[in-house]
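# Residue-level structural notes
Residues per chain are reported as follows:
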Amino acid sequence: MNSSKIVRAITKDGSARLFFEDSTAIVQKAHEIHGTSKTITAVLGRALTAASLMGCMLKDKGDTLTLQIRGDGPAGVILCISDYMGNVKGYAQHPEIELPPNAQGKLNVGGAVGRGTLCVAKDMGEGEPYTGSCDLVSGEIAEDITSYFAISEQIPTVCALGVRCDTDCNCTSAGGYILQLMPGASEETVSALEKNITLIPSISKAITEPEADIYVIDRIFSGLEYEIFDEFDTEYRCTCNRSAFERALISVGSEELSEMISEGKEIEMTCQFCDNRQTFNTDELKALLRSAKN
Ligand SMILES: [Zn+2]
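All residue numbers here refer to positions counted from 1 along the written sequence of the relevant chain. For this predicted model, a pLDDT threshold of at least 70 governs which residues receive local features, and a threshold of 80 or more governs which side-chain atom pairs are given and counted, while totals over whole chains, interfaces and linings are taken from all residues.

### Regarding the packing of helix 8 (residues 242–251) against helix 10 (residues 282–293)
- Angles here are taken between N-to-C directions and fall from 0 to 180 degrees, while the axes themselves are lines fitted to C-alpha atoms, restricted in helices to the stretch in contact. Numbering of helices and strands runs from the N terminus, with a helix taken as a DSSP run of H or I at least four residues long and a strand as a DSSP run of E at least two residues long. Remark: helix 8 packs on helix 10, axes separated minimally by 9 Å, with the N-to-C direction vectors making an angle of 60°. Looking at the two axes, helix 8 sits oblique to helix 10. Between helix 8 and helix 10 the crossing geometry is right-handed. Contacts between helix 8 and helix 10 involve E246, L249 and I250 from the first element and L288, S291 and A292 from the second. For this classification, under 35 degrees means roughly parallel, over 145 means roughly antiparallel, 65 to 115 means roughly perpendicular, and everything else is oblique. Here is the rule for handedness: rotate from the far helix to the near one, and if that takes an anticlockwise turn smaller than a right angle the crossing is left-handed, while a clockwise turn gives right-handed. For every residue pair, C-beta atoms are placed from the backbone, and the pair is scored as a contact if these atoms sit within 7 Å.

### Considerations on helix 7 (residues 212–220)
- In this scheme every C-beta is placed from the backbone, and a residue whose C-beta has 20 or more other C-beta atoms within 10 Å is buried, one with 12 or fewer is exposed, and one in between is partly exposed. Buried residues of helix 7: A212, D213, V216, I217 and I220, and no others. In a view along the axis of helix 7, the buried residues occupy a sector of 120°, so they form one face of it.
- Residues of helix 7 that are buried make contact with strand 1 (4–11), strand 2 (16–22), strand 9 (171–181), helix 5 (187–196) and helix 6 (203–206). The reported arc concerns the directions from the helix axis to the C-beta atoms and nothing else.

### Focus: the sheet that holds strand 6 (residues 116–123)
- Spatial strand order, 5-4-3-6-7: 5 strands in an open sheet with antiparallel pairing. Every interior strand has two partners, whereas the edge strands, strand 5 (88–92) and strand 7 (130–135), have only one. Sheet twist, expressed as the average angle between the axes of neighbouring strands with direction ignored, equals 10°.
- Pairing between strand 3 (residues 64–71) and strand 6: 8 bridges, direction antiparallel. Note: two strands are recorded as paired if DSSP finds a minimum of 2 bridges between them.

### Regarding the environment of I6
- Here I6 lies in strand 1.
- Look at I6 and you get buried, because 24 C-beta atoms sit within 10 Å.
- Between the C-alpha atoms of I6 and G86, which are 80 residues apart in sequence, the distance is 7.8 Å.
- With residues up to four places along the chain from it excluded, the contact list for I6 reads F19, E21, C56, G86, E231, F232 and T234.

### Things to note about the sheet that holds strand 10 (residues 226–234)
- With antiparallel pairing, 5 strands are arranged side by side in an open sheet as 8-9-2-1-10. Two strands close off the open sheet at either side, each with one partner strand: strand 8 (157–165) and strand 10. For this sheet, the mean inter-axis angle between neighbouring strands, taken without regard to orientation, is 10°.
- Pairing of strand 1 with strand 2 involves 6 bridges; the strand directions are antiparallel. Looking at strand 2, one finds that A9 is bridged to L18.

### What about the domain arrangement of the protein?
- By domain assignment, the protein separates into domain 1 (4–234) and domain 2 (242–293).
- Computed from C-alpha atoms alone, the centre-to-centre distance between domain 1 and domain 2 is 36 Å.
- Contacts between domain 1 and domain 2 engage 4 residues on the former and 4 residues on the latter.
- No other element matches the 3 residues that strand 5 contributes to the side of domain 1 that touches domain 2.
- Broken down by class, the residue content of the side of domain 1 that touches domain 2 amounts to 2 nonpolar, 1 polar and 1 charged. Domain ranges listed in this record stem from an automatic or a database domain assignment. Charged means Asp, Glu, Lys or Arg here, nonpolar means Ala, Val, Leu, Ile, Met, Phe, Trp, Tyr, Cys or Pro, and polar covers whatever is left, Gly included.

### So, the environment of L193
- In this structure, L193 sits in helix 5.
- Assessed through the 23 C-beta atoms surrounding it within 10 Å, L193 is described here as buried.
- For the pair L193 and L181, spaced 12 residues apart in sequence, the C-alpha to C-alpha distance is 9.5 Å.

### What about helix 1 (residues 24–34)?
- Of all 11 residues in helix 1, 9 are buried, a share of seventy percent or more.
- Those residues of helix 1 not exposed but buried are T24, I26, V27, Q28, K29, A30, H31, I33 and H34.
- Those residues of helix 1 that are buried are in contact with strand 1, strand 2, helix 2 (38–55), strand 5, strand 8 and strand 9.
- Immediately beyond the C-terminal end of helix 1, within one or two residues, lies G35, with a positive phi of roughly 60°.

What follows is the structure, given as structure tokens:
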């Protein structure tokens, strides 16, 4: 299983749209890269799924969305970056911490995240990136995303996210949906949707259904005419390469580069998103120092 899948549907009258994602492969890849504990697999998995779903609301190739969750809990900062096709990468500052289950016997995502803020930045290529933020409601992430859309983008939204792990901390299922009302939605549509979302009490269980996408979309749009307008594969993707590391080294400035060179040692750098490691010897650092000075 290499890719995850996003399916987008809209009611025939255009008054509501639903983005569904099975992100199991993305979350498992994140677990393998970062060695996340069960709880942090759930924390990071939910954040990656949300960022991926929000990414595919961007308009153009090259646009990126950054979701940052800054809570005071032991997980530390969670950072995810996605593109307009929902491809996503991310990390949690403290991937290995583990917490006892919460009062409901579930992975304690809210406890790991804590209280703080959720920030979204959308870089659309030109000008300053759009940024918005809100306070975390519960740290459970889905509720926080719902609140973000209500407060920062004024779009009535329901977000559901779920991650399940086995005893080895591997992700067995992950996914979620974002349901949004478009301007002019009728009261009948709103009340139908409010009733329908209760048909899926557990999104992590729904993801395990055969044809989970149809299972979820059929229930949420139950009684409403709708069409699926597209579906596509998406994956955990980091686009870092050696020249990105070189640019990062140049950006530290000539003073620090000179210091590294005078120490005469190889410098090893690691990408925090994909664990790609690159080493630079003294000669290579000297060449970068010349670029830094130009
Ligand atoms: Zn990378």
